[in-house]
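Structure assessment
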Amino acid sequence: MRWHCLQHLPDEGPGYAAEWLVAHGHTLSFTRLFEPNPVFPPLADFDGLLVLGGAMSVHDEENFSWLRAEKAFLQQTLRAGKITLAICLGAQLVAQALGGEVRPNPEPEIGYWTVRFSAKALTHPLLRGWPDKATVLHWHFDTFTVPPGALRVGMSAGCAAQGFVWGDGIIGLQFHPEMTEAMVEKLIAFEDHEAAEEQEFVQTANQIRAKLKSGWKGRRLLEALLANMVALHEEEAIF
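Predicted model, so just to flag it, every value in this text is computed and none were measured.

What to know about the overall build of the protein chain
Helix and strand counts for the protein chain come out as six helices and 10 strands. A globule of 239 residues ought to have a C-alpha radius of gyration of about 18 Å, and the protein chain, at 17 Å, matches this closely. Each of the three principal axes of the protein chain carries a C-alpha extent, and together these read 50 × 40 × 35 Å. Looking at the 239 residues of the protein chain, the share that counts as buried comes to 54%. Sequence separation of 24 or more characterises 73% of the internal contacts of the protein chain that already satisfy a separation of 6 or more. As presented, the protein chain carries roughly 10600 Å² of accessible surface, and 52% of it is formed by carbon and sulfur atoms. Separation of charge centres in the protein chain, based on 19 positive and 29 negative side chains, amounts to 6 Å.

Some words on the packing of aromatic side chains
Taken as a whole and judged by the stated rule, the model has seven aromatic pairs. Every member of this aromatic cluster is reached through a ring pair, and the members are F40, F46 and F73. Over the ring of F30 we find R32, and its NZ or CZ is 4.2 Å from the ring centre. Above the plane of the ring of F46 lies K82, whose end atom (NZ or CZ) is 5.1 Å from the centre.

Notes on the nonpolar core
If you look at the biggest cluster of nonpolar residues, it comprises 33 residues, and the most contacted ones within it are W3, L85, W130, I171 and L225. Counting residues per element, the ones that place at least two in this core are strand 1 (2-7), helix 1 (16-23), strand 4 (83-87), strand 5 (102-117), strand 6 (133-144), strand 10 (170-173) and helix 6 (215-238). Top contributing element to this core by residue count: helix 6, with seven residues. Other than its neighbours up to four places away in sequence, L225 contacts L85, L126, L127, W130, I171 and L173.

As for the pattern of salt bridges
Taken as a whole, this structure holds 10 salt bridges when the rule is applied. Among the ionic pairs, E181 bridges to K213, the shortest N-O distance being 3.4 Å. Of the two residues, E181 sits in helix 4 (residues 181-190) while K213 sits in the loop between helix 5 (205-210) and helix 6, which places them 32 residues apart along the sequence. Salt bridges here are not isolated pairs; linked through shared partners, they connect E61, E62, R68 and K71.

Comments concerning the pairing of strand 1
Counting buried residues along strand 1, five of its six residues qualify, which places the element largely inside the surrounding structure. Once the chain exits strand 1 it traverses helix 1 before rejoining the sheet at strand 2 (residues 27-32), and the crossover so formed is right-handed.

Section: the UniProt feature "domain: Glutamine amidotransferase" (unreviewed entry) in the protein chain
The feature "domain: Glutamine amidotransferase" (unreviewed entry), as given by UniProt, occupies residues 43-181 in the numbering adopted here. Strand forms 35% of residues 43-181 and helix 17%; the C-alpha atoms that close the span are 33 Å apart.

Re the pairing of strand 10
Residues I170 and G172 of strand 10 are buried on one face, and the alternating residues I171 and L173, pointing to the opposite face, are buried as well. Both strand 4 and strand 10 contribute to a ladder of four bridges, which runs parallel. Opposite T84, over in strand 10, you have I170 as the bridge partner. Here four bridges tie strand 9 (residues 163-166) to strand 10, and the two strands are oriented antiparallel to one another. Its bridge partner being in strand 10, G163 is matched across the sheet by L173.

What to know about the sheet that holds strand 5
Strands sit in the order 6-5-8 across an open sheet of three strands; the sheet is antiparallel. The two strands at the open ends of the sheet, each matched to only one other strand, are strand 6 and strand 8 (154-155). Sheet strands in contact with helix 3 (residues 89-97) are strand 5 and strand 6, and its direction is about 60° off that of strand 6.

Some thoughts on a negative patch on the surface
On the surface, a cluster of negative charge is made up of D168, E234, E235 and E236. Inspection of the secondary structure puts E234 in helix 6.

So, helix 1
Along helix 1, the residues that are buried comprise Y16, A17, A18, W20 and L21. Immediately downstream of helix 1, the backbone of G25 shows phi near 85°, a positive value.

Calculation criteria
- Residues numbered from 1 in each chain as written.
- Predicted model: local features only at pLDDT ≥ 70, side-chain atom pairs only at ≥ 80, totals over all residues.
- Heavy atoms only, no water.
- Helix = DSSP H or I, 4+ residues; strand = E, 2+ residues; numbered from the N terminus.
- Rg over C-alpha atoms; globule rule 2.2 N^0.38 Å.
- Buried < 20%, exposed > 50% of the residue type's maximum accessible area, 1.4 Å probe, protein only.
- Contact = heavy atoms within 4.5 Å.
- Areas by Shrake-Rupley, 256 points an atom, 1.4 Å probe, with all protein chains shown as cover.
- Lys, Arg positive; Asp, Glu negative; His and termini not counted.
- Charge placed at Lys NZ, Arg CZ, Asp CG, Glu CD.
- Phe/Tyr/Trp six-rings, centres within 6.5 Å; stacked < 30°, edge-to-face > 60°.
- Lys NZ or Arg CZ within 6 Å of the ring centre and 35° of its normal.
- Core = buried A, V, L, I, M, F, W, Y, C linked by side-chain atoms within 4.5 Å.
- Salt bridge = Lys/Arg side-chain N within 4 Å of Asp/Glu carboxyl O.
- Right-handed = clockwise from strand over helix to strand, strands pointing away.
- UniProt positions renumbered as here; feature names shortened; annotations may be inferred.
- Pairing = 2+ DSSP bridges.
- Axes fitted to C-alpha atoms, helices over the stretch in contact; angles between N-to-C directions.
- Patch = residues over 30% accessible without salt bridge, like charges linked within 9 Å, V, L, I, M, F, W, Y side chains within 5 Å.

Structural data, given as structure tokens:
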């Protein structure tokens, strides 16, 4: 399966997603939005789209002019019915493209927090094999409303919408199942989080480091999800 990745920041790459895709014989190409003159591929050149996170907001078009082109590309991709996995900022962009609203979360949510997945969402083929809850990494200030016609994936104590599934093959996740331990360390440095104080839904850098080993739970969710997305693509190819 041919995957294409939209990457917004140098240190927020596909992480565990890339490892799984390469290990299972899939290809992964990139549009790196932080580079000059980013180019988006023709729709015929990829089967699945991976949209990653970033520190910017979906509303920051004045500061990041490429957001306009990315939003137009996402509209084309979604209309074409491409299998899509969107994470954090990526999920907010896709939610907005599907008619949802992106706005500040009541509180920042940073660190390892438990997400409870809805029983209805767990019956969706893309979430086959997921548990009813998992402790995963969060790092966001904004959130989205579940787009019209989409199914909410789950919620945490700090965020009412932790994801959505739209149709058969489009999923957005507010949390970060893709981040390796090294990526989390880089994110702590990038966000200048070393001196951050504990808040209701914000863990300190040392608290986050103490929970880094919990990252395998997010990785398992991601691997099951990618396997289900590949299976969906193979089923579509048969018909």
